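# Structure at a glance
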Amino acid sequence: MPKFQDFIASYAFDKRLAWYDAVGSIAHVRMLKKCGIISSSDEKKIIKGLESIIKDAEKGKLPPAQEDIHYAVEKELIRRIGPVGGKMHTARSRNDQVALDLRLYLRDEIIRLADLLNALQQELVSAAEKNIGAVMPGYTHLQPAQPVLFSHHLLAYAWMFQRDKERFSDCYDRVNVLPLGSAALAGTSFKIDRNFTAKLLGFASVSENSMDSVSDRDFAAEFLSCASIAMMHLSRLSEELIVWSSAEFGFVRLADEFTSGSSIMPQKRNPDVAEIIRGKSGRVYGNQTALLSILKGLPLTYNRDLQEDKPPVFDTVDTLSSCLEVTAAMLASLKINPGRMLSAAQNGYMGATELADYLARKGIPFREAHGVVKNLVSYCVSSGKVFEDLNAAELKRFSPVFSSEVLKLVLPESIVRTKTSYGGTALPSVKLQIRKLKKLCFQK
Ligand code: ARG
C-alpha cells in the first residue's frame, strides 16, 4: 500500500507544468502589485525568485518534490527568498492555479502539434507532386472500384490533416481563456484585476463564472477529442501503408528503418512502425474515454478526481507528437512502384462504370446500361477475358449501341482523364488541390 501522502501526490507527473506554474505566478504577482495588494518591493523579490526557478526549470532542474508542482514551486520560492514568498498565493487557490497551468501548457502544445500536422501535410503534398502521373486502383469495400491518381489518394489525407489543424485551432480558442482569479470556487474579496492578468499571459478573455472555471476541463476533453480524430487519420494512413506494402499489393516500399525482420522468417519486412501507430490510436482513444469518465458525475466544483486529468493529456501529447513525426519521416522515404499500381488498375474491370456511362450517354437508361455491363463482366470473367480482349461482335451481342471505340475508354489513364468534376481525380483537379494545399501548409 502506498502511504497516504504518496497516494494523493501528483508531482511525479505534474512536474511537467513547472515552467508554466512559475510563469503564471509572475503574472499573478504583477497583478497583485498593480492592484495595491502587495508592495512593489515584495513583488520584485518574488519575481526574482520565480525567475531563478524558471531558469533552473529551463535547464531541467526542477524544484524538489512536494505533493504537487504548485506546492513544490512555492516551497522552493520561500526557500530562496524567505517568508515573503508566501505572499504569492494571495487571492488565489490551487484550484484556479492548476486550471491556469494546464491551459498555458495546452496552448503551447496545440501550436506545436499544429506545426507537426503541417509538416506532415507538406510531406503528403510533396509526395503527391513527385508521383503525379501514377495511376492506381481506387477501392470501395477494399475491392477495386475505379482508377484514381495515387496523388489524389495521398491528398485525401492532406485534407484530413487540414481539418485536424482547424479543429485544434478552434480548440485553442476555448483553451485561451483565463481561469485565474476564480480562487477556490467563489471568487475573492481582494480587489483583483483579472483582465490585467489575462493581458500579461496573452489570454483572449477571462472566464465568466468562478464555479465553472475551477471545475471545467472541457478544454482538455476537447483537446483529447481533436487528438483522437487526428490519431484515427494517422491510423487509417498507416493501414493503407501496411496494405500497399504487402507482397500481394506491392504498391509501395517502406524504407528499411520503418520495417523489421522476423526472428524466424528471414524473408520478412514487417511494417511495424505503421502497425504501432495504428495501435497507438487505441491508446489515445482510451485517454479520451478516461478523462470523460473522470468528469462524468462530478458535482461542482473542484474535486480531487480532477487531478487525474493530467496523465491522459500528457500521454496524448507525447503519443500524437511522436506518431506525427514518424509518419512524416515514413512518407518522406517512401518508394512507390507505379508499374504495380497500373497493372492492378488494369485488372478488376474498373472500366465497367465507363461502359455503362457510355450507353447512358447514347440514351439508354442508366439502370438498364448497368445491367448490360454487368452481363458483359460475367461473360468476361467466365471466358477469362478482360475488356480489351473483346471484339466488336462480342460487344454488340450485349448492346447494339456498343462499338469498338468504347475499348479506348476503359484504359485506366483514360478513365482518370475523364473525372474532371470539381474535386475529382483528373490531373487538372489534382493539380488544383496541390496549389490550394501549398497555400495552406507551405505559406503561413
Ligand atoms: N494537484 C492538484 C490537481 O492537479 C492541484 C489542485 C489541488 N486542489 C485541492 N483543492 N486539493 O488537481
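Just so you know, these numbers come straight off a predicted model, no measurement behind them.

### Re the overall build of the protein
On a plain count of helices and strands, the protein comes out with 19 helices and six strands. Taking 444 residues into account, the globule formula puts the C-alpha radius of gyration at 22 Å, and the protein, at 30 Å, lies well above it. By its C-alpha atoms, the protein is 100 × 55 × 40 Å across when sized along the principal axes. Relative to its full complement of 444 residues, the protein shows a buried share of 50%. Element-wise, carbon and sulfur atoms account for 56% of the exposed surface of the protein, whose accessible area totals about 21000 Å². Separation between the mean location of the 58 positive side-chain charges and that of the 50 negative ones in the protein comes to 3 Å.

### Comments concerning the pattern of salt bridges
What the rule picks out here adds up to 25 salt bridges. Among the ionic pairs, Arg-269 bridges to Asp-256, the shortest N-O distance being 2.8 Å. Of this pair, Arg-269 sits in the loop between strand E5 (252-253) and helix H11 (272-295) while Asp-256 sits in the loop between E5 and H11, placing them 13 residues apart in sequence. For Asp-256, a relative accessible area of 54% corresponds to the exposed category. We note a salt bridge from Asp-315 to Arg-283, for which the minimum N-O separation is 2.4 Å. Residue Asp-315 is found in helix H12 (residues 310-332), and its partner Arg-283 is found in helix H11; the two are separated by 32 residues along the sequence.

### What to know about the packing of aromatic side chains
According to the stated counting rule, one finds ten aromatic pairs in the structure shown. Relative to Tyr-105, the ring of Tyr-20 lies with its centre 5.9 Å away and its plane at 85°, an arrangement referred to as edge-to-face. Taken together, the residues Tyr-20 in helix H3 (residues 18-34) and Tyr-105 in helix H6 (residues 94-130) connect sequence positions 85 residues apart. The pair Tyr-20 / Tyr-105 is uniform in exposure class, with both members buried. For the ring pair Tyr-349 and Phe-387, a centre distance of 5.3 Å and an interplane angle of 65° mean the geometry is edge-to-face. In this pair, Tyr-349 sits in the loop between helix H13 (338-346) and helix H14 (352-361) while Phe-387 sits in the loop between helix H15 (366-383) and helix H16 (392-398), placing the two residues 38 residues apart along the sequence. According to the relative accessible area criterion, Phe-387 is buried, its value standing at 3%. Here a set of aromatic residues connected by ring pairs shows up, and it is made of Trp-19, Tyr-20, Tyr-105 and Phe-314. The ring centre of Phe-196 lies 5.0 Å from the NZ or CZ of Lys-34, which sits over that ring. Geometry around Phe-203 places Arg-107 over its ring, the cationic atom sitting 4.4 Å from the centre.

### A look at the state of the cysteines
Throughout the structure, instances matching the rule amount to zero disulfides. Just so you know, Cys-171 is unpaired, no disulfide at all, and the nearest cysteine sulfur is the one on Cys-226, 4.4 Å from it. Overall, the relative accessible area of 0% leaves Cys-171 in the buried class.

### Remarks on the site of the ligand
Ser-10, Asp-14, Asp-68, His-70, Arg-94, Asn-95, Val-98, Tyr-302, Arg-304, Gln-307 and Lys-310 make up every residue found near the ligand. Between the ligand and the protein, one listed contact pairs a nitrogen atom with a side-chain N or O atom of Ser-10 at 3.2 Å. Within the side chain of Gln-307, an N or O atom sits 2.8 Å from a nitrogen atom of the ligand. Within the complex, 87% of the 350 Å² of free accessible area of the ligand lies under protein. By residue number, the principal contributor to the shell around the ligand is H6, which donates three residues. Class assignment for the residues of the shell around the ligand results in two nonpolar, four polar and five charged.

### Some points on the environment of Leu-298
For Leu-298, the location among the structural elements is in the loop between H11 and H12. The sequence separation of Leu-298 and Ser-215 amounts to 83 residues, and the corresponding C-alpha distance is 8.7 Å. With near-sequence residues (within four places) excluded, Leu-298 lies in contact with Asn-303, Asp-305 and Leu-306.

### Things to note about the packing of helix H4 (residues 40-58) against helix H5 (residues 69-81)
Contact geometry of H4 with H5 gives a least axis separation of 9 Å together with a crossing angle of 115°. Viewed along their axes, H4 and H5 form a crossing whose handedness is right-handed. Between H4 and H5, the residues in contact are Lys-45, Ile-46, Gly-49, Leu-50, Ser-52, Ile-53 and Asp-56 and Val-73, Glu-76, Leu-77, Arg-80 and Ile-81, respectively. Residue composition of the contact of H4 with H5, by class: six nonpolar, two polar and four charged.

### Points about the packing of H6 against helix H19 (residues 427-441)
Packing of H6 against H19 brings their axes to within 10 Å, and their N-to-C directions diverge by 155°. Between H6 and H19, the angle falls in the class roughly antiparallel. In terms of crossing hand, the pair formed by H6 and H19 is left-handed. Seen from H6, the contacting residues are Asn-118, Gln-121, Gln-122, Val-125, Ala-128 and Glu-129; seen from H19, they are Ile-434, Leu-437, Lys-438, Leu-440 and Cys-441. Class assignment for the residues of the contact of H6 with H19 results in six nonpolar, three polar and two charged.

### Observations concerning a positive patch on the surface
Side chains of Lys-431, Arg-435, Lys-436 and Lys-439 sit close together on the surface and give a patch of like positive charge. Considering the arrangement of structural elements, one finds Arg-435 in helix H19.

### Some words on the side chain of Lys-310
Tracing the chain through its elements places Lys-310 in helix H12. Note on Lys-310: relative accessible area 3%, which makes it buried. Residues within four places of Lys-310 in sequence aside, it is in contact with Phe-13, Asp-14, Leu-17, Val-98 and Leu-102.

Definitions and limits used
Residues numbered from 1 in each chain as written. Predicted model: local features only at pLDDT ≥ 70, side-chain atom pairs only at ≥ 80, totals over all residues. Heavy atoms only, no water. Helix = DSSP H or I, 4+ residues; strand = E, 2+ residues; numbered from the N terminus. Rg over C-alpha atoms; globule rule 2.2 N^0.38 Å. Buried < 20%, exposed > 50% of the residue type's maximum accessible area, 1.4 Å probe, protein only. Areas by Shrake-Rupley, 256 points an atom, 1.4 Å probe, with all protein chains shown as cover. Lys, Arg positive; Asp, Glu negative; His and termini not counted. Charge placed at Lys NZ, Arg CZ, Asp CG, Glu CD. Salt bridge = Lys/Arg side-chain N within 4 Å of Asp/Glu carboxyl O. Phe/Tyr/Trp six-rings, centres within 6.5 Å; stacked < 30°, edge-to-face > 60°. Lys NZ or Arg CZ within 6 Å of the ring centre and 35° of its normal. Disulfide = S-S within 2.5 Å. Near = heavy atom within 4 Å. Polar contact = N/O pair within 3.5 Å; in protein donor to acceptor, adjacent residues only side chain to side chain. Nonpolar A, V, L, I, M, F, W, Y, C, P; charged D, E, K, R; others polar. Contact = heavy atoms within 4.5 Å. Axes fitted to C-alpha atoms, helices over the stretch in contact; angles between N-to-C directions. Left-handed = near helix turned anticlockwise from the far one by under 90°. Parallel < 35°, antiparallel > 145°, perpendicular 65-115°, else oblique. Patch = residues over 30% accessible without salt bridge, like charges linked within 9 Å, V, L, I, M, F, W, Y side chains within 5 Å.

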